[in-house]
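# Fold and contact review
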Amino acid sequence: MDVDEFGIPIIPDALNVSQRKREAIVDAAATEFLKEGYTAASVDAIASRAGVSKPTIYKHFGNKERLFLAVIGGILPRTYAQLESCKSTIAQADDLRTALIALMTEWAEILLRPDIMALRRLVIGEIDRFPQLGQAWYRISYRMNNEPLVEAFEILHERGRLAVPDPVLAVQQLVAATIGVPQLVRTFDVGTPVDLEVAITSGVDLFLARYGPAV
């Protein structure tokens, strides 16, 4: 099985019966790993969920560790792919405040979904055993989310609509000021209510107060 830049096995698209079995294994494994974690997850249970035998799982993935890496590593880019590139929408927005609030709200609605939060907690819990998953999470998140926004801020800086001499830092601060606290709360204290609208609106206002156009 081929691996990506992080050393995580790549799952090919299902084109035949064998690959459809592999897809069923992936879906079953994702459910089992998110529910039980890596250590407690059972290959027997995964096989039962997928409707295949244990030897079939080992044939496709080799062992439980490679299965875990392939499944969890594969979820990450699909998660962030749901967010379209924000470069053009932010750079061309007539009302920048409204556009930033809408963007950060869209990010939050995806990143704070229960299944994504479960994935986040799983990766945090297994990061010592599988550091490549933590590296993948960070780099995929940056490449698919932060990087387009950095480019948008560079354009807005050139046009004088924002004053962001360090757009990378500015993006990090915007994310921290809007999504950071809700994400932290949902990661470790699921029952605590979070007023997402207030967090994002006030965070965007704080950002614009710091990085609004120079006068």
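Look up: the structure comes first, before these words.
Residues numbered from 1 in each chain as written. Predicted model: local features only at pLDDT ≥ 70, side-chain atom pairs only at ≥ 80, totals over all residues. Heavy atoms only, no water.

## Considering the nonpolar core
In this structure, F33, L67 and I72 are the most contacted members of the largest nonpolar core, which totals 32 residues. Elements represented by at least two residues in this core include exactly α1 (17-40), α2 (43-50), α3 (54-61), α4 (64-80), α7 (114-125) and α8 (131-158). The element contributing the most residues to this core is α4, with 8 residues. (Core = buried A, V, L, I, M, F, W, Y, C linked by side-chain atoms within 4.5 Å. Buried < 20%, exposed > 50% of the residue type's maximum accessible area, 1.4 Å probe, protein only. Helix = DSSP H or I, 4+ residues; strand = E, 2+ residues; numbered from the N terminus.)

## Examining the environment of R22
Looking at the element boundaries, R22 is found in helix α1. Distance from R22 to I57, taken between C-alpha atoms, is 7.8 Å for residues 35 residues apart in sequence. Within the structure, the side chain of R22 is placed 3.1 Å from the side chain of H60, a separation counted as a polar contact. (Polar contact = N/O pair within 3.5 Å; in protein donor to acceptor, adjacent residues only side chain to side chain.)

## Regarding the side chain of K64
The residue K64 is located in helix α4 in this model. The charged side chain of K64 is buried without a salt bridge, its nearest counter-charge being E32 at 8.0 Å. A polar contact of 2.7 Å, which involves the side chain of K64, links it to the backbone oxygen of Y38. Dropping the residues within four chain positions of it, K64 is found in contact with F33, Y38, T39, A41 and V43. (Lys, Arg positive; Asp, Glu negative; His and termini not counted. Salt bridge = Lys/Arg side-chain N within 4 Å of Asp/Glu carboxyl O. Contact = heavy atoms within 4.5 Å.)

Limitation: the analysis is restricted to geometry and does not speak to function.
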